[in-house]
Amino acid sequence: MSIANLRLGIDIGEVGRDMYRFISEVFPICRSITGNGIRKTLNIIKNHIPLTVSEIPTGTQVFDWIVPKEWNIKEAYIKNSKHETIIDFRENNLHILSYSVPVKKKVSLRELKDHLFTLPEYPEWIPYRTSYYKENWGFCVSHNQFTNLMEDDYEVMIDSSLEDGYLTYGEYFIEGEKADEILISCHICHPSLCNDNLSGIALVVFLAKCLRRQPLKYSYRFLFIPGTIGAITWLCLNEPNVSKIKHGLVAACLGDSGEFTYKKSRQGNAEIDRAVMNALRNSENNYKIVDFTPFGYDERQYCSPGFNLPVGCLMRTPHGQYPQYHTSADNLNFVQSEHLGESFSLYLSILSILENNRKYLNQNPKCEPQLGKRGLYQAIGGQKHEKSRELAILWALNLSDGGNTLLDISDRSGLKFDLIKDVTDILDKQGLLKLCEK
Ligand code: ZN
């Protein structure tokens, strides 16, 4: 039991629009690495897939780290001496330095400025800043708002809490034919930012939603976790089962108009790396392949030397390489349903390759079998059409010595994986190939 092509019968345009609608729904929520924003987001995801939510108490030791206090925020503002609100968290949740401790006091302009963060290069945008592991308070404001501030007494108010609580994450598992797993992971800790990383969350939700309706060879594990600390926590608590993960992808930055970027796993030549490169080569999209680096998203944890899992990161424009990154300009105008749909389609192509990658053994290995009498070769020689199909048959027969997978044959022949798979199905039915490894 396996799947012809995971993309069959799926309206990619419609999925892209559904992903965009999902992003619009969760966009206003103020998320951080812990707290109610994550819970609210996971509850919305539960409308699509049956998620298991875990709550890990503050203080839990996870490898070299400790689960931090839980942070929540109700309200925050800056008022001038005329009691006019000049910065309001309700207008944009990026205004607050994430993990700001509670504060309510009068400050001079000078003291206030020590707690303001701006982006002078883009004076209309609000930056996104955090202070998870050092207690601080602050506001992020546009540089224009900053330069308009006059000498005055300001009232700053942050109604937040930083207390013992929990780190929350969501997980969804689909059981396939095999216990071997494919891991798809995304971070869910950013507030109102679309490309980084509501696009990744949307992709994982809709991928899971699509796969749960199909027969699958692999089992799938989808993780919705806060960046860094979430991956560390999950790996620490699930260490005994981690060896089941045979392939993995971290999904991030998938809604912008940029070309695809695949960051290889630390192993560099794992089946996932080859499947992604094969799918990209045979797609109509422009793309770039980059080697593993120990910075970026949660592939850093999955690919730490103690795990060294075959997990790559598939993005469009990478983090930090678009000006809107970590600013208020990474909003609902920056991501588009068309690009989200393309990303979704690419992920499905990659999973189709992994699901269908197998080895066959040629049952007639001494010289070529006569294809014409089996209706596999055109009767009139010399015609151009059907050429690639016949080439695929010849490649599949020649390389099916029990050592090459369909991915090997596709890579070596330069022919599309789907075509190689189609012809091997036919050759199998004709008795010319025999499946030797699933
Ligand atoms: Zn980020």
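Cut-offs and rules
- Residues numbered from 1 in each chain as written.
- Predicted model: local features only at pLDDT ≥ 70, side-chain atom pairs only at ≥ 80, totals over all residues.
- Heavy atoms only, no water.
- Pairing = 2+ DSSP bridges.
- Helix = DSSP H or I, 4+ residues; strand = E, 2+ residues; numbered from the N terminus.
- Axes fitted to C-alpha atoms, helices over the stretch in contact; angles between N-to-C directions.
- Salt bridge = Lys/Arg side-chain N within 4 Å of Asp/Glu carboxyl O.
- Buried < 20%, exposed > 50% of the residue type's maximum accessible area, 1.4 Å probe, protein only.
- Contact = heavy atoms within 4.5 Å.
- Parallel < 35°, antiparallel > 145°, perpendicular 65-115°, else oblique.
- Left-handed = near helix turned anticlockwise from the far one by under 90°.
- Nonpolar A, V, L, I, M, F, W, Y, C, P; charged D, E, K, R; others polar.
- Core = buried A, V, L, I, M, F, W, Y, C linked by side-chain atoms within 4.5 Å.
- Domains from an automatic or database assignment.
- Donors = N, O, S within 2.8 Å, 3.2 Å for Na, K, Ca; no water.
- Expected span 1.5 Å × (residues − 1).
- Arc of directions from axis to C-beta.
- Polar contact = N/O pair within 3.5 Å; in protein donor to acceptor, adjacent residues only side chain to side chain.

So, about the sheet that holds strand β6 (residues 103–108). The strand order across the open sheet formed by four strands is β5-β4-β9-β6, and the pairing between neighbours is antiparallel. Sheet topology places β5 (85–88) and β6 at the edges, where each strand pairs with a single neighbour. Direction aside, neighbouring strands of the sheet carry axes that sit 20° apart on average. Where strand β4 (residues 70–79) meets β5, three bridges bridge the pair, whose relative direction is antiparallel. When the bridges of β5 are listed, Ile78 appears paired with Ile87.

Right, let's get into the pattern of salt bridges. Two side chains with opposite charge may pair up if their charged atoms get near one another. One pass over the full model with this rule turns up 17 salt bridges. For Lys178, the salt bridge identified is with Asp180, shortest N-O distance 3.8 Å. Take Lys178: its relative accessible area is 26%, and that puts it in the partly exposed class. As a salt-bridge pair, Arg221 and Glu181 come within 2.9 Å of each other at their nearest N and O atoms. Placement of Arg221 in strand β12 (residues 219–225) and of Glu181 in strand β11 (residues 181–187) is noted, with a sequence separation of 40 residues between them. Residue class for Glu181 comes out buried when judged on its relative accessible area of 2%. Salt bridges linked by common partners bring Arg274, Arg281, Asp408 and Asp411 together as one network.

Taken in spatial order, the eight strands line up as β1-β10-β12-β11-β13-β16-β14-β15 in an open sheet, and their pairing is mixed. Looking at strand neighbours, the two that pair on one side only are β1 (52–57) and β15 (287–290), the edges of this open sheet. Averaged over all pairs of adjacent strands, the angle between their axes in this sheet comes to 20°, without regard to strand direction. In terms of strand pairing, β1 meets strand β10 (residues 166–174) through six bridges, oriented antiparallel. Looking at β10, one finds that Glu55 is bridged to Thr168. Strands in contact with helix α2 (residues 36–45) are β1, β10 and β12; relative to β10, the strand with the most contacts, it is inclined by about 20°. Those strands touched by helix α6 (residues 229–237) are β1, β10, β12 and β13 (245–251), and its axis lies near 65° from that of β10.

Attention shifts here to the environment of Leu354. Within the element layout of this structure, Leu354 appears in helix α9 (residues 337–356). Overall, the relative accessible area of 0% leaves Leu354 in the buried class. With 204 residues separating them along the chain, Leu354 and Met150 place their C-alpha atoms 60 Å apart. Apart from residues no more than four positions distant in its own chain, Leu354 is found in contact with Ile182, Lys217, Tyr218, His247, Glu271, Ile272 and Ala275.

Right, let's get into the packing of helix α11 (residues 406–413) against helix α12 (residues 417–429). Where α11 meets α12, the closest approach of the two axes is 9 Å, and the angle between their N-to-C directions is 125°. When the axes of α11 and α12 are compared, the pair comes out oblique. By crossing handedness, the relation of α11 to α12 is classed as right-handed. From α11, Leu406, Leu407, Ile409, Ser410 and Ser413 reach across to α12, where they touch Phe417, Ile420, Lys421 and Thr424. For the contact of α11 with α12, a count of residues per class yields five nonpolar, three polar and one charged.

Core analysis: the largest hydrophobic core is formed by 78 residues, its most contacted members being Phe22, Leu211, Phe222 and Phe224. If one sorts the elements of this core by residue count, helix α5 (residues 194–211) sits on top with twelve residues. The two domains that each donate at least three residues to this core are domain 1 (3–67 + 166–356) and domain 3 (359–435). Once residues lying within four places of it in the same chain are set aside, the contact partners of Phe222 are Gly170, Glu171, Tyr172, Ile174, Ile184, Val204, Ala208 and Leu211.

Any two of four tetrahedral donors ideally make an angle of 109.5 degrees at the metal, while pairs among six octahedral donors ideally make 90 or 180 degrees. Protein coordination of the zinc ion is provided by His190 (NE2), Asp196 (OD) and His326 (NE2), with donor distances spanning 2.0 to 2.1 Å. Mapping the donors of the zinc ion onto the primary sequence gives the spacing H-x5-D-x129-H. Placement of the pair is Asp196 in helix α5 and His326 in the loop between β16 (311–315) and α9, with a sequence separation of 130 residues.

We note that the domain assignment places domain 1 (3–67 + 166–356), domain 2 (70–163) and domain 3 (359–435) within the protein chain. Summarising the inter-unit geometry, the C-alpha centres of domain 2 and domain 3 are found 65 Å apart.

In this section: helix α1 (residues 12–26). For α1, with 15 residues, the first-to-last C-alpha span of 21 Å sits near the 21 Å given by 1.5 Å per residue. Val15, Gly16, Met19, Phe22, Ile23 and Val26 are the residues of α1 that are buried. Projected down its long axis, α1 shows its buried positions confined to an angular sector of 120°, all on one face. Looking at the packing, one finds that the buried side of α1 touches α2, α5 and α9. Backbone nitrogen of Gly13 and a side-chain oxygen of the N-cap are separated by 3.1 Å at the start of α1; the cap is Asp11.

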